[in-house]
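A closer look at the structure
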Amino acid sequence: MNRFECMQRLASRLKDELVILSLGASVDEWYNAAPHMRSASLFQQQLGCVTPQAFGLAVGLPHRRIVSLDTDGGMMFNLGILATLANEQPQNLLVVVWDNEATSPSAALRRTPRAAPTSRRLRAAPVSSMPTRSRHWTISTGTARTGCARARRMCSWQRSTVASHATSSANTATDEKTNTPSCGTWRGPRTSSSWGQASTIRNGFIHHAHAGGHPCVAHAKRG
Amino acid sequence: MRASAVEQVIAGLKAAGVTIVCYLPDSLLKELYPALDRDPDIRTIRVTNEGEGAAICGGIWLSGKKSALIMENSGLRAATEPLARMGMGAGIPVVMIMSYRGDLGENNWWAIPHGMTMEPLLNAMRIPYRIVGREDAIERAIADAYAWSHTAYYHSAVVLAGSVVR
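Everything quoted here is computed from the prediction, not taken from an experiment.

This part covers the side chain of Gln-46 of chain A. On the secondary structure map, Gln-46 of chain A appears in the loop between strand E2 (41-44) and helix H3 (50-60). Residue contacts for Gln-46 of chain A: discarding those within four places in its chain leaves Gln-53 of chain A together with Arg-85, Met-86 and Ala-90 of chain B.

All names here are of chain B. Strand order in the open sheet formed by six strands is E2-E1-E3-E4-E6-E5, with parallel pairing between adjacent strands. Each edge of the open sheet is held by one strand with a lone partner, namely strand E2 (43-46) and strand E5 (129-132). Here the average twist between neighbouring strands, direction ignored, is 20°. Note: strand E1 (residues 18-23) against strand E3 (residues 66-72), five bridges, orientation parallel. When the sheet's bridge partners are listed, Tyr-23 is paired in E3 with Ile-70. The sheet contacts of helix H1 (residues 3-15) involve E1, E3, strand E4 (95-99) and strand E6 (156-160), and relative to E1 the element is tilted by about 125°.

You can call Gln-46 of chain A buried: its relative accessible area is 1%. When the C-alpha positions of Gln-46 of chain A and Gly-74 of chain A are compared, they lie 8.3 Å apart, and in sequence the two are 28 residues distant.

The next subject is the packing of aromatic side chains. Counted by the stated rule, this structure contains two aromatic pairs over all chains. Seen in terms of ring centroids, Tyr-23 of chain B and Tyr-33 of chain B are 4.7 Å apart; in terms of plane orientation they differ by 40°. Their pairing is tilted. Of the two residues, Tyr-23 of chain B is situated in strand E1 and Tyr-33 of chain B in helix H2 (residues 32-38); the sequence distance between them amounts to 10 residues. In this structure, Tyr-23 of chain B and Tyr-33 of chain B share a single accessibility class: buried. If you follow Arg-38 of chain A out to its NZ or CZ, it ends over the ring of Tyr-31 of chain A, 5.2 Å from the centre.

Ranked by internal contacts, the top residues of the largest apolar core, which has 71 residues, are Trp-30 and Leu-69 of chain A together with Met-96 of chain B. When residues no more than four places from it in sequence are discounted, the contact partners of Trp-30 of chain A are Met-7, Leu-10, Ala-11, Leu-14, Val-19, Leu-21, Met-37, Ser-41 and Leu-69 of chain A. With 31 residues, the next largest nonpolar core counts Leu-32, Tyr-33, Ala-145 and Val-164 of chain B among its residues.

Let us now look at a nonpolar patch on the surface. Residues and elements named next belong to chain A. A contiguous nonpolar surface patch, about 290 Å² in accessible area, is contributed by Met-76, Leu-79 and Leu-82. Topologically, Leu-79 is positioned in the loop between helix H4 (72-77) and helix H5 (80-88). Here Leu-79 falls in the partly exposed class, since its relative accessible area comes to 43%.

All names here are of chain B. Of all the five residues making up E4, five are buried; the element is thus mostly covered by neighbouring parts of the structure. Residues Val-95, Ile-97 and Ser-99 line one face of E4 and the alternating positions Met-96 and Met-98 line the opposite face, and both faces are buried. Sheet topology note: the E3/E4 ladder contains four bridges and is parallel. When the bridges of E4 are listed, Met-71 appears paired with Met-98. Note that the unit made of E3, helix H4 (residues 75-90) and E4 has a crossover that is right-handed. Pairing analysis gives five bridges linking E4 to E6, with the strands arranged parallel. Counterpart to Met-96 in the pairing with E6 is Ala-157.

Looking now at the packing of H3 of chain A against helix H3 (residues 50-63) of chain B. One can describe the packing of H3 of chain A onto H3 of chain B by two numbers: an axis separation of 6 Å at closest approach and a directional angle of 45°. The angle between H3 of chain A and H3 of chain B places the two elements in the oblique class. As H3 of chain A packs across H3 of chain B, the resulting crossing turns out to be right-handed. Residues Pro-52, Gln-53, Phe-55, Gly-56, Leu-57 and Gly-60 of chain A of H3 of chain A form the contact with H3 of chain B, whose own contacting residues are Glu-52, Ala-55, Ile-56, Gly-59, Ile-60, Leu-62 and Ser-63 of chain B.

A word on the confidence of the model for chain A. All names here are of chain A. Confidence along chain A averages 62 in pLDDT terms, with 46% of residues attaining 70 or more. A low-confidence stretch, residues 115-135 (pLDDT under 50), is modelled with 46 contacts involving residues beyond four sequence positions or located in other chains. Predicted confidence for residues 140-223 stays below pLDDT 50, and this span has 195 contacts to residues more than four positions away or in other chains.

The tally for this structure, following the rule as stated, stands at 12 salt bridges over all chains. The partner of Glu-17 of chain A in a salt bridge is Arg-65 of chain A, with the nearest N and O atoms 2.8 Å apart. In this pair, Glu-17 of chain A sits in the loop between helix H1 (3-11) and strand E1 (18-22) while Arg-65 of chain A sits in the loop between H3 and strand E3 (66-71), placing the two residues 48 residues apart along the sequence. Accessibility expressed as a relative area gives 3% for Glu-17 of chain A, which makes it buried. Between Arg-85 of chain B and Glu-81 of chain B there is a salt bridge, and its shortest N-O distance comes to 2.4 Å. Of this pair, Arg-85 of chain B and Glu-81 of chain B both sit in helix H4, four residues apart, which is roughly one turn of the helix. Linked through salt bridges whose partners overlap, the residues forming this network are Lys-14, Asp-39 and Asp-41 of chain B.

Another aspect to go through is helix H2 (residues 25-33) of chain A. For H2 of chain A, the tally of buried residues reaches seven of nine residues, placing the bulk of the element in the interior. Lining the buried residues of H2 of chain A we find H1, E1, E2, E3 and strand E4 (93-99) of chain A.

Conventions used here
Residues numbered from 1 in each chain as written. Chains lettered and ligands numbered in written order. Predicted model: local features only at pLDDT ≥ 70, side-chain atom pairs only at ≥ 80, totals over all residues. Heavy atoms only, no water. Helix = DSSP H or I, 4+ residues; strand = E, 2+ residues; numbered from the N terminus. Contact = heavy atoms within 4.5 Å. Pairing = 2+ DSSP bridges. Axes fitted to C-alpha atoms, helices over the stretch in contact; angles between N-to-C directions. Buried < 20%, exposed > 50% of the residue type's maximum accessible area, 1.4 Å probe, protein only. Phe/Tyr/Trp six-rings, centres within 6.5 Å; stacked < 30°, edge-to-face > 60°. Lys NZ or Arg CZ within 6 Å of the ring centre and 35° of its normal. Core = buried A, V, L, I, M, F, W, Y, C linked by side-chain atoms within 4.5 Å. Patch = residues over 30% accessible without salt bridge, like charges linked within 9 Å, V, L, I, M, F, W, Y side chains within 5 Å. Areas by Shrake-Rupley, 256 points an atom, 1.4 Å probe, with all protein chains shown as cover. Salt bridge = Lys/Arg side-chain N within 4 Å of Asp/Glu carboxyl O. Right-handed = clockwise from strand over helix to strand, strands pointing away. Parallel < 35°, antiparallel > 145°, perpendicular 65-115°, else oblique. Left-handed = near helix turned anticlockwise from the far one by under 90°. pLDDT = per-residue confidence, 0-100.

As structure tokens, then:
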């Protein structure tokens with residue numbers, strides 16, 4: 001099983017979850033493996049922040065299930081979050097760590113062959129169901145090529161917040177029917193083209209086209 | 001830190017709508033942390049480093065809740081990378097409350113670098129801050145920090161100093 005196939009299996013079990021994912025090649029793969037989750041998936045370019053942010057989201061939205069799709073490089077940047085998660089035991093957070101056996105998606109800094117053999121096979125338990133407790137998997141996909149088509153460029157630079165923080169009383173309210181935060185609009189992210197722009201919220205996330213292209217491309221070597 | 005100052009900080013946080021606090025405890029604010037832990041209206045999360053705390057606060061902000069990162073000012077150095085990426089790159093704000101280690105009057109040699117680097121770092125990061133040395137100014141400073149950060153989508157800081165932390 002390669003990473004893309006694993007993503008597809010995971011995606012088939014997701015419906016109402018919110019996903020935070022790291023930058024890099026896995027972004028395009030995830031959006032192809034889980035097109036139905038695209039509006040609920042937020043990719044972040046902050047190395048070492050993906051799982052902490054997902055945890056913060058899980059703390060703030062205890063009625064929602066949150067998925068962190070982190071990377072080995074991102075996780076290694078801040079291993080302390082594992083201790084914090086062990087301490088906090090969040091019930092609504094699932095953490096997946098993709099191990100591509102390299103320190104960069106460009107594979108320019110791939111690990112030496114001596115370090116690779118034992119981790120080239122998938123080490124995760126089969127994706128069976130969403131957890132009732134937090135789970136943390138390490139998934140090694142080796143250098144396997146992914147099956148996603150890259151022809152269609154994914155340019156959905158997503159920034160999100162669930163609520164208009166100016167109306168704090170509405171922030172924490174939830175729609176009982178949809179179980180989503182019942183909030184209205186916010187002003188949009190800080191980009192040259194959309195600063196001040198109003199946006200609607202879908203599935204608790206707000207989406208904008210990024211004026212400057214796909215940040216994933218610009219920062220790929222760091223991921 | 002006097003009990004009255006602790007009460008002012010907690011009152012300021014509550015007035016600003018804060019329900020979750022991430023902290024890495026330090027000695028100057030040592031009376032504040034157990035008080036936060038005891039408060040039924042505030043959930044506390046102990047973190048392993050301040051950068052992690054900043055990122056967790058960023059996630060909390062994404063959820064629509066308000067949070068605070070409380071730490072010694074040395075934590076600013078550890079948190080600079082995630083703060084730069086979240087604030088400058090994504091418009092995700094974190095409000096920080098920190099003690100002023102290394103201020104004039106400091107008699108611990110190890111704390112001197114904290115005072116030397118805090119304000120230059122805050123300025124380099126374009127993070128507005130207010131140094132508060134009087135108890136009666138704490139609540140106002142916290143309220144102003146949240147008002148600014150949630151208007152600007154950028155970080156702000158309240159630095160507790162002087163008689164507030166001694």
